[in-house]
Amino acid sequence: MTNNWKSRGYFAGGIAFGFVISFLVTSNSLLKMDQITGTRYISRETNGPSTQSMIPRAGLNSEAPKNRHELEKKLEVQGGSTSPKDMVTHDEKYHHDDDQLAKEMYNKVRILCWVMTSPQNLASKATAVKKTWGKRCNVLVFMSSVENKAFPAVGLKTEEGRDHLTAKTMHAFKYVYDHYFQECDWFLKADDDTYVIVENLRFMLSEKNTSEPVFYGHHFKVIVKQGYFSGGAGYVLSKEALRRFATKGFHNNQYCREDGGAEDAEMGKCMEGLGVKASDSRDALGRSRFHCFTPLTHVDGGYPDWYYQYDKYGGKKGVANMSDYAITFHYVDVRTMYALDYYVYHLRPYGIASLGQDLNVKPKQTN
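Residues numbered from 1 in each chain as written. Predicted model: local features only at pLDDT ≥ 70, side-chain atom pairs only at ≥ 80, totals over all residues. Heavy atoms only, no water.

Peer 1: I would appreciate a short explanation of helix H7 (residues 198-205) in the present structure.
Peer 2: Residues lying three or four places apart along an α-helix face the same way, a consequence of the helix completing one turn every 3.6 residues. The element H7 is extensively covered by neighbouring structure, given that eight of its eight residues are classed as buried. Turning to H7, its buried residues are Val198, Glu199, Asn200, Leu201, Arg202, Phe203, Met204 and Leu205. (Buried < 20%, exposed > 50% of the residue type's maximum accessible area, 1.4 Å probe, protein only. Helix = DSSP H or I, 4+ residues; strand = E, 2+ residues; numbered from the N terminus.)

In C-alpha coordinates:
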(Lines give C-alpha, C1' and ligand atoms only; values in the text may rest on other atoms or scores of the structure.)
Protein backbone atom coordinates (compact mmCIF):
# COMPACT_ATOMS: atom_id res chain seq x y z
CA MET A 1 0.00 0.00 0.00
CA THR A 2 2.80 2.45 0.92
CA ASN A 3 4.72 2.09 -2.34
CA ASN A 4 1.49 2.31 -4.29
CA TRP A 5 0.64 5.65 -2.74
CA LYS A 6 4.16 7.03 -3.20
CA SER A 7 4.45 6.04 -6.83
CA ARG A 8 1.10 7.00 -8.31
CA GLY A 9 -0.33 10.46 -8.91
CA TYR A 10 -3.29 11.30 -6.73
CA PHE A 11 -4.19 14.95 -7.18
CA ALA A 12 -1.68 16.57 -9.57
CA GLY A 13 -0.66 19.96 -8.36
CA GLY A 14 -1.81 19.32 -4.80
CA ILE A 15 -4.84 20.34 -2.83
CA ALA A 16 -2.82 22.56 -0.51
CA PHE A 17 -1.74 24.88 -3.34
CA GLY A 18 -5.33 25.30 -4.42
CA PHE A 19 -6.47 26.23 -0.95
CA VAL A 20 -3.72 28.84 -0.61
CA ILE A 21 -4.96 30.50 -3.79
CA SER A 22 -8.52 30.29 -2.50
CA PHE A 23 -7.60 32.17 0.67
CA LEU A 24 -5.98 34.96 -1.35
CA VAL A 25 -8.96 35.26 -3.68
CA THR A 26 -11.69 35.15 -1.04
CA SER A 27 -10.11 36.85 1.98
CA ASN A 28 -11.17 40.36 0.99
CA SER A 29 -14.82 39.35 0.76
CA LEU A 30 -14.87 37.24 3.91
CA LEU A 31 -14.07 39.93 6.46
CA LYS A 32 -17.10 42.11 7.07
CA MET A 33 -18.04 44.87 9.53
CA ASP A 34 -21.26 44.75 11.52
CA GLN A 35 -22.78 48.22 11.06
CA ILE A 36 -24.52 48.07 14.44
CA THR A 37 -21.93 46.67 16.85
CA GLY A 38 -18.74 47.44 14.94
CA THR A 39 -17.73 43.78 15.21
CA ARG A 40 -15.56 42.31 12.45
CA TYR A 41 -16.88 39.03 11.12
CA ILE A 42 -16.11 36.19 8.79
CA SER A 43 -19.36 36.15 6.85
CA ARG A 44 -21.29 33.78 4.64
CA GLU A 45 -23.28 35.30 1.78
CA THR A 46 -27.00 34.47 1.72
CA ASN A 47 -29.90 34.62 -0.69
CA GLY A 48 -31.26 37.88 0.69
CA PRO A 49 -29.83 41.15 -0.59
CA SER A 50 -29.01 42.49 2.87
CA THR A 51 -29.12 39.51 5.25
CA GLN A 52 -25.77 38.18 6.52
CA SER A 53 -24.99 35.01 8.41
CA MET A 54 -22.04 35.88 10.59
CA ILE A 55 -19.25 33.96 12.28
CA PRO A 56 -17.54 36.28 14.79
CA ARG A 57 -13.77 36.49 14.93
CA ALA A 58 -12.59 35.70 18.44
CA GLY A 59 -11.75 38.50 20.83
CA LEU A 60 -12.74 41.40 18.59
CA ASN A 61 -15.93 42.47 20.36
CA SER A 62 -17.56 41.64 23.67
CA GLU A 63 -20.97 41.28 22.01
CA ALA A 64 -19.86 38.34 19.88
CA PRO A 65 -21.66 35.08 20.74
CA LYS A 66 -20.01 33.67 23.84
CA ASN A 67 -20.44 29.98 23.08
CA ARG A 68 -21.01 27.62 20.23
CA HIS A 69 -24.77 27.43 20.61
CA GLU A 70 -25.22 31.20 20.64
CA LEU A 71 -23.16 31.30 17.47
CA GLU A 72 -25.17 28.64 15.70
CA LYS A 73 -28.48 30.34 16.47
CA LYS A 74 -27.20 33.29 14.40
CA LEU A 75 -26.42 31.14 11.39
CA GLU A 76 -29.42 30.93 9.09
CA VAL A 77 -28.30 28.46 6.45
CA GLN A 78 -29.04 29.89 3.01
CA GLY A 79 -27.26 30.04 -0.32
CA GLY A 80 -25.30 32.35 -2.54
CA SER A 81 -25.91 33.51 -6.07
CA THR A 82 -23.67 31.27 -8.19
CA SER A 83 -25.54 29.26 -10.81
CA PRO A 84 -24.69 25.59 -11.54
CA LYS A 85 -24.21 26.53 -15.19
CA ASP A 86 -21.21 28.62 -14.10
CA MET A 87 -19.42 25.37 -13.25
CA VAL A 88 -19.60 23.91 -16.79
CA THR A 89 -15.98 24.02 -17.98
CA HIS A 90 -15.98 22.37 -21.44
CA ASP A 91 -12.25 21.63 -20.99
CA GLU A 92 -12.39 17.87 -20.49
CA LYS A 93 -10.16 17.15 -23.49
CA TYR A 94 -7.31 19.02 -21.80
CA HIS A 95 -7.52 17.07 -18.57
CA HIS A 96 -5.06 14.21 -18.32
CA ASP A 97 -5.24 13.40 -14.61
CA ASP A 98 -4.21 9.92 -13.57
CA ASP A 99 -7.29 9.09 -11.49
CA GLN A 100 -7.04 5.32 -11.71
CA LEU A 101 -6.27 4.97 -8.00
CA ALA A 102 -9.23 7.17 -7.09
CA LYS A 103 -11.46 4.97 -9.26
CA GLU A 104 -10.16 1.85 -7.55
CA MET A 105 -10.79 3.38 -4.14
CA TYR A 106 -14.32 4.33 -5.22
CA ASN A 107 -15.14 0.64 -5.56
CA LYS A 108 -13.21 -0.54 -2.50
CA VAL A 109 -14.32 2.07 0.05
CA ARG A 110 -18.01 2.63 -0.53
CA ILE A 111 -19.31 5.78 1.15
CA LEU A 112 -22.87 6.92 1.58
CA CYS A 113 -23.16 10.67 2.13
CA TRP A 114 -26.37 12.01 3.61
CA VAL A 115 -26.79 15.76 3.66
CA MET A 116 -28.87 17.69 6.19
CA THR A 117 -30.94 20.25 4.27
CA SER A 118 -34.34 21.92 4.23
CA PRO A 119 -36.97 22.78 1.59
CA GLN A 120 -35.81 26.39 1.24
CA ASN A 121 -32.18 25.33 0.64
CA LEU A 122 -32.71 22.80 -2.15
CA ALA A 123 -32.36 25.28 -5.00
CA SER A 124 -29.22 26.88 -3.56
CA LYS A 125 -27.01 25.09 -1.05
CA ALA A 126 -28.21 21.54 -1.72
CA THR A 127 -27.86 22.07 -5.46
CA ALA A 128 -24.29 23.27 -4.93
CA VAL A 129 -23.50 20.09 -2.99
CA LYS A 130 -25.06 17.95 -5.72
CA LYS A 131 -23.08 19.70 -8.47
CA THR A 132 -19.75 19.57 -6.61
CA TRP A 133 -18.54 17.11 -3.99
CA GLY A 134 -21.77 15.13 -3.63
CA LYS A 135 -21.39 13.46 -7.02
CA ARG A 136 -18.22 11.72 -5.79
CA CYS A 137 -20.03 9.75 -3.09
CA ASN A 138 -21.12 6.21 -3.90
CA VAL A 139 -24.60 7.09 -2.66
CA LEU A 140 -25.85 10.64 -2.06
CA VAL A 141 -29.05 11.28 -0.07
CA PHE A 142 -30.54 14.64 0.86
CA MET A 143 -32.54 14.63 4.10
CA SER A 144 -35.26 17.23 4.52
CA SER A 145 -38.48 17.57 6.48
CA VAL A 146 -40.58 17.42 3.32
CA GLU A 147 -40.22 14.99 0.43
CA ASN A 148 -39.21 16.40 -2.94
CA LYS A 149 -39.30 13.73 -5.62
CA ALA A 150 -37.94 16.01 -8.33
CA PHE A 151 -34.72 16.99 -6.53
CA PRO A 152 -34.87 14.35 -4.93
CA ALA A 153 -34.94 14.77 -1.15
CA VAL A 154 -36.21 12.39 1.51
CA GLY A 155 -39.02 13.75 3.68
CA LEU A 156 -38.33 12.67 7.24
CA LYS A 157 -41.58 14.25 8.53
CA THR A 158 -39.72 16.02 11.31
CA GLU A 159 -40.03 19.66 12.26
CA GLU A 160 -37.60 22.16 10.76
CA GLY A 161 -35.36 24.41 12.83
CA ARG A 162 -32.22 24.15 14.93
CA ASP A 163 -34.17 22.83 17.91
CA HIS A 164 -35.13 19.72 15.94
CA LEU A 165 -31.84 18.77 14.30
CA THR A 166 -31.45 15.85 16.72
CA ALA A 167 -34.69 14.25 15.54
CA LYS A 168 -33.72 14.87 11.94
CA THR A 169 -30.34 13.21 12.46
CA MET A 170 -31.74 10.18 14.27
CA HIS A 171 -34.40 9.58 11.63
CA ALA A 172 -31.90 10.13 8.81
CA PHE A 173 -29.48 7.51 10.09
CA LYS A 174 -32.37 5.07 10.58
CA TYR A 175 -33.51 5.73 7.01
CA VAL A 176 -29.99 5.08 5.74
CA TYR A 177 -29.83 1.80 7.66
CA ASP A 178 -33.22 0.66 6.34
CA HIS A 179 -32.49 1.49 2.69
CA TYR A 180 -28.72 1.38 2.09
CA PHE A 181 -27.02 -0.66 4.80
CA GLN A 182 -25.84 -3.40 2.43
CA GLU A 183 -24.80 -1.02 -0.35
CA CYS A 184 -22.08 0.91 1.49
CA ASP A 185 -19.31 0.47 4.04
CA TRP A 186 -19.23 3.92 5.69
CA PHE A 187 -21.96 6.47 6.35
CA LEU A 188 -21.17 10.19 6.36
CA LYS A 189 -23.39 12.91 7.79
CA ALA A 190 -22.75 16.43 6.47
CA ASP A 191 -24.59 19.76 6.36
CA ASP A 192 -25.51 21.54 3.16
CA ASP A 193 -22.79 24.10 3.90
CA THR A 194 -20.10 21.47 4.40
CA TYR A 195 -17.52 20.89 1.66
CA VAL A 196 -16.09 17.37 1.48
CA ILE A 197 -13.10 16.04 -0.46
CA VAL A 198 -14.49 12.54 -0.75
CA GLU A 199 -11.33 10.96 -2.18
CA ASN A 200 -9.42 12.01 0.94
CA LEU A 201 -12.13 10.51 3.13
CA ARG A 202 -11.79 7.23 1.25
CA PHE A 203 -8.03 7.34 1.73
CA MET A 204 -8.37 7.80 5.49
CA LEU A 205 -10.95 5.01 5.74
CA SER A 206 -9.06 2.63 3.44
CA GLU A 207 -7.04 1.29 6.36
CA LYS A 208 -9.90 1.34 8.89
CA ASN A 209 -12.15 -1.59 9.73
CA THR A 210 -15.83 -0.88 9.18
CA SER A 211 -16.72 -3.96 11.23
CA GLU A 212 -15.45 -2.16 14.34
CA PRO A 213 -17.76 0.18 16.29
CA VAL A 214 -16.04 3.48 15.44
CA PHE A 215 -16.78 6.92 14.05
CA TYR A 216 -14.60 9.85 12.96
CA GLY A 217 -14.82 13.63 12.68
CA HIS A 218 -13.62 16.92 14.19
CA HIS A 219 -13.13 16.08 17.86
CA PHE A 220 -14.68 18.20 20.62
CA LYS A 221 -13.70 17.26 24.18
CA VAL A 222 -16.63 18.61 26.22
CA ILE A 223 -20.09 17.33 27.26
CA VAL A 224 -19.42 13.65 26.43
CA LYS A 225 -16.79 11.65 28.32
CA GLN A 226 -15.00 10.43 25.17
CA GLY A 227 -15.84 13.63 23.33
CA TYR A 228 -17.98 13.98 20.23
CA PHE A 229 -17.70 15.26 16.68
CA SER A 230 -18.75 18.61 15.22
CA GLY A 231 -21.91 18.19 13.18
CA GLY A 232 -20.98 20.92 10.71
CA ALA A 233 -17.57 19.39 10.01
CA GLY A 234 -19.30 16.11 9.27
CA TYR A 235 -18.77 12.73 10.90
CA VAL A 236 -18.68 9.24 9.47
CA LEU A 237 -19.98 6.03 11.06
CA SER A 238 -18.70 2.53 10.43
CA LYS A 239 -21.09 -0.21 9.41
CA GLU A 240 -21.04 -1.63 12.93
CA ALA A 241 -21.69 1.79 14.48
CA LEU A 242 -24.73 2.28 12.23
CA ARG A 243 -25.98 -1.24 12.98
CA ARG A 244 -25.81 -0.63 16.73
CA PHE A 245 -27.62 2.68 16.37
CA ALA A 246 -30.44 1.30 14.23
CA THR A 247 -31.01 -1.93 16.14
CA LYS A 248 -30.37 -0.75 19.70
CA GLY A 249 -30.29 3.03 19.93
CA PHE A 250 -33.10 4.35 17.73
CA HIS A 251 -36.24 5.19 19.75
CA ASN A 252 -34.40 4.07 22.89
CA ASN A 253 -33.95 6.96 25.31
CA GLN A 254 -31.62 4.87 27.43
CA TYR A 255 -28.98 5.49 24.76
CA CYS A 256 -30.18 8.04 22.22
CA ARG A 257 -32.27 11.15 22.71
CA GLU A 258 -35.08 11.46 20.19
CA ASP A 259 -35.07 15.25 19.84
CA GLY A 260 -33.80 18.44 21.45
CA GLY A 261 -30.34 19.41 22.59
CA ALA A 262 -27.40 19.93 20.25
CA GLU A 263 -27.55 17.38 17.44
CA ASP A 264 -23.86 16.52 17.36
CA ALA A 265 -23.48 16.31 21.14
CA GLU A 266 -26.57 14.12 21.41
CA MET A 267 -25.22 11.84 18.69
CA GLY A 268 -21.96 11.69 20.64
CA LYS A 269 -23.79 10.62 23.80
CA CYS A 270 -25.72 8.05 21.77
CA MET A 271 -22.55 6.58 20.26
CA GLU A 272 -20.78 6.43 23.62
CA GLY A 273 -23.75 4.66 25.20
CA LEU A 274 -23.72 2.10 22.40
CA GLY A 275 -20.00 1.43 22.83
CA VAL A 276 -18.97 3.21 19.63
CA LYS A 277 -15.50 4.76 19.92
CA ALA A 278 -14.85 8.39 18.98
CA SER A 279 -11.65 7.72 17.04
CA ASP A 280 -8.77 9.96 16.01
CA SER A 281 -9.05 11.27 12.45
CA ARG A 282 -5.76 13.20 12.34
CA ASP A 283 -3.09 12.21 9.84
CA ALA A 284 0.30 10.60 10.58
CA LEU A 285 1.78 14.04 11.32
CA GLY A 286 -0.96 14.90 13.81
CA ARG A 287 -2.64 17.38 11.46
CA SER A 288 -6.41 17.93 11.25
CA ARG A 289 -8.50 16.45 8.47
CA PHE A 290 -12.06 17.39 9.51
CA HIS A 291 -12.61 21.14 10.00
CA CYS A 292 -15.59 22.90 11.58
CA PHE A 293 -14.87 26.31 9.99
CA THR A 294 -13.87 27.68 6.58
CA PRO A 295 -10.34 27.07 5.24
CA LEU A 296 -9.44 30.72 5.86
CA THR A 297 -10.53 30.57 9.50
CA HIS A 298 -8.35 27.52 10.16
CA VAL A 299 -5.41 29.13 8.38
CA ASP A 300 -5.47 32.47 10.21
CA GLY A 301 -6.90 31.21 13.51
CA GLY A 302 -9.84 33.62 13.67
CA TYR A 303 -11.71 31.31 16.02
CA PRO A 304 -14.50 32.30 18.44
CA ASP A 305 -13.51 32.01 22.11
CA TRP A 306 -15.59 28.90 22.79
CA TYR A 307 -13.63 26.90 20.23
CA TYR A 308 -10.50 26.77 22.38
CA GLN A 309 -12.49 25.12 25.16
CA TYR A 310 -14.18 22.68 22.79
CA ASP A 311 -11.41 21.52 20.45
CA LYS A 312 -9.62 18.44 21.76
CA TYR A 313 -6.24 19.46 20.36
CA GLY A 314 -6.16 23.08 21.48
CA GLY A 315 -7.54 24.98 18.49
CA LYS A 316 -4.35 25.00 16.43
CA LYS A 317 -4.13 27.24 13.38
CA GLY A 318 -2.06 27.50 10.20
CA VAL A 319 -1.34 25.28 7.21
CA ALA A 320 1.32 23.43 9.21
CA ASN A 321 -1.51 22.00 11.33
CA MET A 322 -3.84 21.14 8.44
CA SER A 323 -3.42 17.88 6.56
CA ASP A 324 -2.52 17.94 2.88
CA TYR A 325 -5.33 15.40 2.66
CA ALA A 326 -7.93 17.54 4.40
CA ILE A 327 -11.43 16.06 4.24
CA THR A 328 -14.01 18.69 5.26
CA PHE A 329 -14.63 22.39 5.86
CA HIS A 330 -17.78 24.02 7.24
CA TYR A 331 -19.72 27.29 6.83
CA VAL A 332 -19.00 27.17 3.10
CA ASP A 333 -21.42 29.40 1.18
CA VAL A 334 -22.66 28.54 -2.29
CA ARG A 335 -20.14 30.59 -4.23
CA THR A 336 -17.24 29.27 -2.18
CA MET A 337 -18.56 25.72 -2.64
CA TYR A 338 -18.11 26.06 -6.40
CA ALA A 339 -14.81 27.89 -5.96
CA LEU A 340 -13.34 25.17 -3.76
CA ASP A 341 -14.33 22.57 -6.31
CA TYR A 342 -12.39 24.52 -8.93
CA TYR A 343 -9.33 24.93 -6.69
CA VAL A 344 -9.23 21.23 -5.77
CA TYR A 345 -10.11 19.59 -9.10
CA HIS A 346 -9.12 22.09 -11.81
CA LEU A 347 -6.42 24.53 -10.73
CA ARG A 348 -2.94 23.17 -11.53
CA PRO A 349 0.59 24.59 -11.41
CA TYR A 350 2.08 23.56 -14.74
CA GLY A 351 4.97 21.11 -14.56
CA ILE A 352 4.34 19.95 -11.00
CA ALA A 353 2.85 16.52 -10.37
CA SER A 354 1.83 15.70 -6.82
CA LEU A 355 2.68 12.13 -5.87
CA GLY A 356 0.71 10.41 -3.14
CA GLN A 357 1.78 10.82 0.47
CA ASP A 358 1.42 7.95 2.93
CA LEU A 359 -0.23 10.00 5.69
CA ASN A 360 -2.49 7.41 7.29
CA VAL A 361 -1.77 6.43 10.88
CA LYS A 362 -0.78 2.78 10.91
CA PRO A 363 -2.62 0.44 13.28
CA LYS A 364 -0.60 -0.75 16.23
CA GLN A 365 0.89 -4.20 15.87
CA THR A 366 -0.31 -6.81 18.34
CA ASN A 367 1.53 -10.00 19.26
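Peer 1: Explain the pairing of strand S9 (residues 214-217) to me, please; I cannot follow it from the model alone.
Peer 2: Sheet faces and side chains relate simply in a regular strand, where the side chains alternate between the two faces. Burial along S9 is two-sided: Val214 and Tyr216 and Phe215 and Gly217, pointing in opposite directions, are all buried. By the bridge criterion, two bridges tie S9 to strand S13 (residues 277-278) in an arrangement that is parallel. By the bridge assignment for S13, Val214 is matched with Lys277. (Pairing = 2+ DSSP bridges.)

Peer 1: Can you walk me through the sheet that holds strand S4 (residues 111-116) in this structure?
Peer 2: Think of a sheet as strands paired side by side through backbone hydrogen bonds, with each pair either parallel or antiparallel. Here seven strands make up an open sheet; going across it, the order is S6-S5-S4-S7-S12-S9-S13 and the pairing mixed. The open sheet has two free edges, formed respectively by strand S6 (154-155) and S13, since each of these has just one partner strand. Here six bridges tie S4 to strand S7 (residues 186-191), and the two strands are oriented parallel to one another. If you follow Trp114 over to S7, its bridge partner there is Lys189. In this fold helix H8 (residues 239-249) packs onto S7, S9 and strand S12 (235-238), with an angle of close to 85° to the strand it touches most, S12. (Contact = heavy atoms within 4.5 Å. Axes fitted to C-alpha atoms, helices over the stretch in contact; angles between N-to-C directions.)

Peer 1: Explanation requested: the packing of helix H5 (residues 122-131) against helix H12 (residues 334-345) in the structure shown.
Peer 2: A pair of packed helices is captured by two measures, namely the crossing angle of their axes and the spacing between those axes. Axis separation between H5 and H12 bottoms out at 9 Å; the angle between their running directions is 5°. For the element pair H5 / H12, the angle class is roughly parallel. In this structure, H5 contributes Ser124, Lys125, Thr127, Ala128, Val129 and Lys131 to the contact, and H12 contributes Val334, Met337 and Tyr338. Counted by class, the contact of H5 with H12 contains five nonpolar, two polar and two charged residues. (Parallel < 35°, antiparallel > 145°, perpendicular 65-115°, else oblique. Nonpolar A, V, L, I, M, F, W, Y, C, P; charged D, E, K, R; others polar.)

Peer 1: What exactly am I supposed to notice about unusual backbone geometry here?
Peer 2: Negative phi values dominate among residues other than glycine, just as trans dominates among peptide bonds. Note the cis peptide between Phe151 and Pro152, where omega equals 0°. Inspection of the secondary structure assignment puts Pro152 in the loop between strand S5 (139-144) and S6. Phi at Lys157 is positive, roughly 60°, even though this residue is not glycine. The topology assignment puts Lys157 in the loop between S6 and helix H6 (165-180). For Lys157, a relative accessible area of 77% corresponds to the exposed category. In this model, Ile223 sits at a positive phi of 70°, which is unusual for a non-glycine residue. Summarising the element assignment, Ile223 is placed in the loop between strand S10 (219-220) and strand S11 (228-229). Given the relative accessible area of 48%, Ile223 is considered partly exposed.

Peer 1: Could you clarify how one ought to interpret the nonpolar core in this entry?
Peer 2: A general tendency of soluble globular proteins is for nonpolar side chains to be buried together. Counting residues in each nonpolar core, the largest one holds 55 residues, and the members touching the most others are Ile111, Trp133, Tyr195, Leu201 and Leu205. Counting residues per element, this core draws most heavily on H12, at eight residues. With residues up to four places along the chain from it excluded, the contact list for Leu205 reads Val109, Ile111, Trp186, Tyr216 and Val236. Listed in part, the 32 residues of the second largest apolar core include Val139, Leu242, Phe245 and Met271. (Core = buried A, V, L, I, M, F, W, Y, C linked by side-chain atoms within 4.5 Å.)

Peer 1: Looking at this structure, I do not really get the side chain of Lys168. What am I missing?
Peer 2: With respect to the secondary-structure elements, Lys168 resides in helix H6. If we skip the residues at most four places from it in the chain, Lys168 touches Met116, Thr117, Ser118, Met143, Ser144, Ser145, Leu156, Thr158 and Glu160.

Peer 1: I tried to follow the packing of aromatic side chains on my own but got confused; where do I start?
Peer 2: Here the distance between the centres and the angle between the planes together describe a pair of aromatic rings. The final tally for this structure, using the stated rule, is 24 aromatic pairs. Between the aromatic rings of Tyr177 and Phe181, the centroid separation amounts to 4.8 Å while the plane-to-plane angle is 55°, which identifies the pairing as tilted. Between the aromatic rings of Tyr303 and Tyr307, the centroid separation amounts to 4.4 Å while the plane-to-plane angle is 45°, which identifies the pairing as tilted. By relative accessible area, which is 0% here, Tyr303 ends up buried. Note that Arg136 overlies the ring of Tyr345, its terminal NZ or CZ placed 3.6 Å from the centroid. The ring of Tyr313 carries the charged tip of Arg282 above its face, separated from the ring centre by 3.8 Å. (Phe/Tyr/Trp six-rings, centres within 6.5 Å; stacked < 30°, edge-to-face > 60°. Lys NZ or Arg CZ within 6 Å of the ring centre and 35° of its normal.)

Peer 1: Would you explain the pattern of salt bridges in this entry?
Peer 2: A side chain of one charge can pair with a side chain of the opposite charge if their charged atoms are brought near each other. Counted according to the given criterion, the structure contains 14 salt bridges. A salt bridge links Asp341 to Arg136, with the nearest nitrogen and oxygen atoms 2.9 Å apart. Of this pair, Asp341 sits in helix H12 while Arg136 is found in the loop between H5 and S5, placing the two residues 205 residues apart along the sequence. By relative accessible area, Asp341 is classed as buried at 3%. Look at Arg136 and you get buried, because its relative accessible area is 14%. As a salt-bridge pair, Asp191 and Lys189 come within 2.7 Å of each other at their nearest N and O atoms. In the salt-bridge network here, residues are joined through shared partners; they are Lys189, Asp191 and Glu263. (Salt bridge = Lys/Arg side-chain N within 4 Å of Asp/Glu carboxyl O.)

Peer 1: Even after reading the chapter, I still don't get the state of the cysteines, so can you show me in this structure?
Peer 2: Disulfides are covalent bonds that link the sulfur atoms of two cysteine residues. All told, the structure shown has two disulfides when counted by the stated rule. Residue pairing for Cys113: its cysteine sulfur links by disulfide to Cys137, the two sulfurs lying 2.1 Å apart. Because the torsion about its S-S bond is -95°, the bridge between Cys113 and Cys137 counts as left-handed. Remark: Cys137 occurs in the loop between H5 and S5 and Cys113 occurs in strand S4; sequence separation between them is 24 residues. Residue class for Cys113 comes out buried when judged on its relative accessible area of 0%. Judged by relative accessible area, which is 5%, Cys137 ranks as buried. Note on cysteine connectivity: Cys256 is disulfide-linked to Cys270, with sulfurs 2.0 Å apart. Where Cys256 bonds to Cys270 through sulfur, the torsion about that S-S bond is close to 55°, and the disulfide is right-handed. Here Cys270 lies in helix H9 (residues 263-273) and Cys256 lies in the loop between H8 and H9, a separation of 14 residues in the sequence. Residue class for Cys256 comes out buried when judged on its relative accessible area of 2%. The connectivity of the disulfides in the chain is 1-2, 3-4, where the numbers refer to bonded cysteines in sequence order. The thiol of Cys184 is unpaired, and the distance to the nearest cysteine sulfur, on Cys113, comes to 8.4 Å. (Disulfide = S-S within 2.5 Å.)

Function-wise, these values are silent; they only describe arrangement.
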